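Here is what each chain is made of, one letter per residue.
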Amino acid sequence: MGGELRYMEERPVDDPREPAKGIEQAKDLLRSFETRAKRRRRPLYGIGVSFPGAVDPRTGDCLLWAESGWKRFPLARSLMEAMDIPVLLEEDVRAEALGEFWFGEGQGVDSLVLLKLARGVGAGVVLEQRPYRGVNGLAGEVGHITVDPYGDRCSCGRVGCLETKVSVPAVLRKARELLKKNPDSPLAREELSLESIYRAAREGEKVAREVLEQLVAFTKVALEIVVHAYDPDIIVLSGAVVEAEGADILLNNVQLGDFPVEVRVDVRVSSFGKHRGIIGAAASVLHRLIVDPQAIEG
Ligand SMILES: [Zn+2]
């Protein structure tokens, strides 16, 4: 159990807005996995689901997946109809945090926070070797902490959340705003992306430098929030903002410091790449089987 990927299969979902249809397709895939595992005499211990919406990990219900219009839905129970083994449903950043804890940058530590800067911003928290969710399941929702009460409207409906400063859409929006005022910028002539912004910033281009400056400042704020809230051994960064080509210009410029006491915290970038969801889902099964078996329903 070293966290290596043994076999992978991807299938497109016909219509992500229809949970029942998607589940039928997922069940088909699970049955084919089961057949394959039986043929190779490999035991299957559980099914991990790294889910991009809000979940109740105790019941395995999806509570809300706003992007695809899912409301409450018994996701784990539906998947168990395909295979009679435990189904563990975990929110994606929490699954990723467990993936890092078991197989990645956080092996051997007691506490870890996975801070994801992608389309959205959020954190998965592992404290004293257990995932920490909080009373209302809100622990780690650092992307929706207000950092600018006079700022932009966030996807959650509030104003000036951290997500409006350090997510991919936020960075691109800031660049577009500045390009309107600087239409002659060389950046205006290429397709705007994180990569093009980082490259232009490295070349000293003015608009890109300004975008980078804000991103550096708020990435530092994000890390400081995590340190002040959870004080972990290690913070693992993931997501396109820190993993895009050229992102080292961001990471090299974020200097943590100015804490009231001396702070020892390791900041690293995840090395899982696009497999982070799969590794995280597998780690959440392993974690419950070994550390928290009573948390498994069914
Ligand atoms: Zn928000």
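From a predicted model like this one, the values you see are computed outputs, not experimental measurements.

Participant: Provide a residue-level description of the overall build of the protein chain, including the pertinent values.
Facilitator: Along its length, the protein chain carries 10 helices and 9 strands. A globule of 298 residues ought to have a C-alpha radius of gyration of about 19 Å, and the protein chain, at 20 Å, matches this closely. In terms of overall dimensions, the protein chain has a C-alpha envelope of 60 × 45 × 35 Å along the principal axes. Every one of the 298 residues in the protein chain was classed for burial, and the buried ones make up 48%. For the protein chain, contacts bridging at least 24 residues in sequence account for 62% of all contacts bridging at least 6.

Participant: Hey, could you go over the pairing of strand 6 (residues 121–127) for me, with residue numbers and the actual values?
Facilitator: Most of strand 6 sits out of view: 6 of its 7 residues are buried. Inspection of the sheet shows strand 5 (residues 112–117) paired to strand 6 by 6 bridges, in the antiparallel sense. Across the sheet, residue Lys116 finds its bridge partner in strand 6, namely Gly122. As consecutive antiparallel partners, strand 5 and strand 6 are separated by 3 residues. Of the strand pairs in this sheet, strand 6 and strand 7 (residues 130–131) are connected by 2 bridges, and their pairing is antiparallel. The residue bridging Leu127 from the neighbouring strand is Arg130, located in strand 7. Connecting strand 6 to the next strand, strand 7, in antiparallel fashion are 2 residues, including Glu128 with a positive phi near 45 degrees.

Participant: Help me get a handle on the coordination of the zinc ion, residues and values and all.
Facilitator: Taken together, the protein donors to the zinc ion comprise His144 (ND1), Cys154 (SG), Cys156 (SG) and Cys161 (SG), at separations of 2.0 to 2.4 Å. Taken together, the 4 donor atoms coordinating the zinc ion and their angles of 105 to 121 degrees define a geometry best described as tetrahedral. A relative accessible area of 36% places Cys156 in the partly exposed class.

Participant: Pulling in residues and values, what's your account of the packing of aromatic side chains?
Facilitator: Here the structure, examined in full by the defined rule, presents 6 aromatic pairs. Between Tyr7 and Phe33, the aromatic rings sit 5.6 Å apart at their centres with planes inclined by 80 degrees, giving edge-to-face as the arrangement. Linking Tyr7 in the segment before helix 1 (19–39) with Phe33 in helix 1, this pair joins segments that are 26 residues apart in sequence. Each ring, one from Phe101 and one from Trp102, has its centre 6.1 Å from the other, and the planes form 90 degrees; the classification is edge-to-face. Overall, Trp102 belongs to the partly exposed group, its relative accessible area being 23%.

Participant: How would you explain helix 3 (residues 92–103) if you had to name every residue and give the values?
Facilitator: For helix 3, built from 12 residues, the straight-helix expectation of 16 Å at 1.5 Å per residue is met to within 8% by its first-to-last C-alpha distance of 16 Å. Of all the 12 residues making up helix 3, 10 are buried; the element is thus mostly covered by neighbouring parts of the structure.

Participant: Quick one: what's the story with the sheet that holds strand 7, residue by residue and with numbers?
Facilitator: Read from one edge of the open sheet, 5 strands run 7-6-5-8-9, paired in mixed fashion. Lying at the two open borders of the sheet, with one neighbouring strand each, are strand 7 and strand 9 (266–269). Helix 7 (residues 206–230) rests against strand 5, strand 6, strand 8 (234–238) and strand 9 of the sheet, and its axis sits at about 155 degrees to strand 5.

Participant: Any details on the nonpolar core? Residues and values, ideally.
Facilitator: Ranked by size, the top nonpolar core spans 46 residues in total, and within it Leu115, Leu187, Ile197, Tyr198, Val241 and Leu250 carry the most contacts. Secondary-structure elements contributing two or more residues to this core are strand 5, strand 6, helix 5 (168–181), helix 6 (194–202), helix 7, strand 8, helix 8 (240–243) and helix 9 (248–251). Of all the elements, helix 7 adds the most residues to this core, at 13 residues. Dropping the residues within four chain positions of it, Leu250 is found in contact with Tyr198, Leu212, Leu215, Val216, Thr219, Val241 and Val242.

Participant: Describe the domain arrangement of the protein chain, and please don't skip the residues or the numbers.
Facilitator: Along its sequence, the protein chain is organised into domain 1 (19–92 + 275–295) and domain 2 (105–271). Placing a centre on the C-alpha atoms of domain 1 and another on those of domain 2 gives a separation of 29 Å. Between domain 1 and domain 2, the residue contacts involve 9 residues of the former and 10 residues of the latter. Across the interface of domain 1 and domain 2, roughly 700 Å² is buried in total on both sides, 31% from carbon and sulfur atoms. The interface formed by domain 1 and domain 2 contains 2 salt bridges. For Glu90, the salt bridge identified is with Arg133, shortest N-O distance 2.5 Å. Of all the secondary structure elements, the ones that give two or more residues to the side of domain 1 that touches domain 2 are strand 4 (87–91) and helix 10 (276–290). Tallying contributions element by element places helix 10 first for the side of domain 1 that touches domain 2, with 3 residues.

Participant: Just give me the short version of helix 7, but keep the residues and values in it.
Facilitator: Helix length check: helix 7, at 25 residues, gives a terminal C-alpha distance of 36 Å against a target of 36 Å (1.5 Å per residue), a fit within 8%. Its side-chain oxygen placed 3.1 Å from the backbone nitrogen of Val207, Glu205 serves as the N-cap of helix 7. Once helix 7 ends, the next one or two residues include Asp231, with phi positive near 45 degrees.

How each quantity is defined
Residues numbered from 1 in each chain as written. Predicted model: local features only at pLDDT ≥ 70, side-chain atom pairs only at ≥ 80, totals over all residues. Heavy atoms only, no water. Helix = DSSP H or I, 4+ residues; strand = E, 2+ residues; numbered from the N terminus. Rg over C-alpha atoms; globule rule 2.2 N^0.38 Å. Buried < 20%, exposed > 50% of the residue type's maximum accessible area, 1.4 Å probe, protein only. Contact = heavy atoms within 4.5 Å. Pairing = 2+ DSSP bridges. Donors = N, O, S within 2.8 Å, 3.2 Å for Na, K, Ca; no water. Tetrahedral: all angles 85-135°; square planar, octahedral: opposite > 155°, others 65-115°. Phe/Tyr/Trp six-rings, centres within 6.5 Å; stacked < 30°, edge-to-face > 60°. Expected span 1.5 Å × (residues − 1). Axes fitted to C-alpha atoms, helices over the stretch in contact; angles between N-to-C directions. Core = buried A, V, L, I, M, F, W, Y, C linked by side-chain atoms within 4.5 Å. Domains from an automatic or database assignment. Buried area = accessible area lost by both parts, 1.4 Å probe. Salt bridge = Lys/Arg side-chain N within 4 Å of Asp/Glu carboxyl O. Polar contact = N/O pair within 3.5 Å; in protein donor to acceptor, adjacent residues only side chain to side chain.

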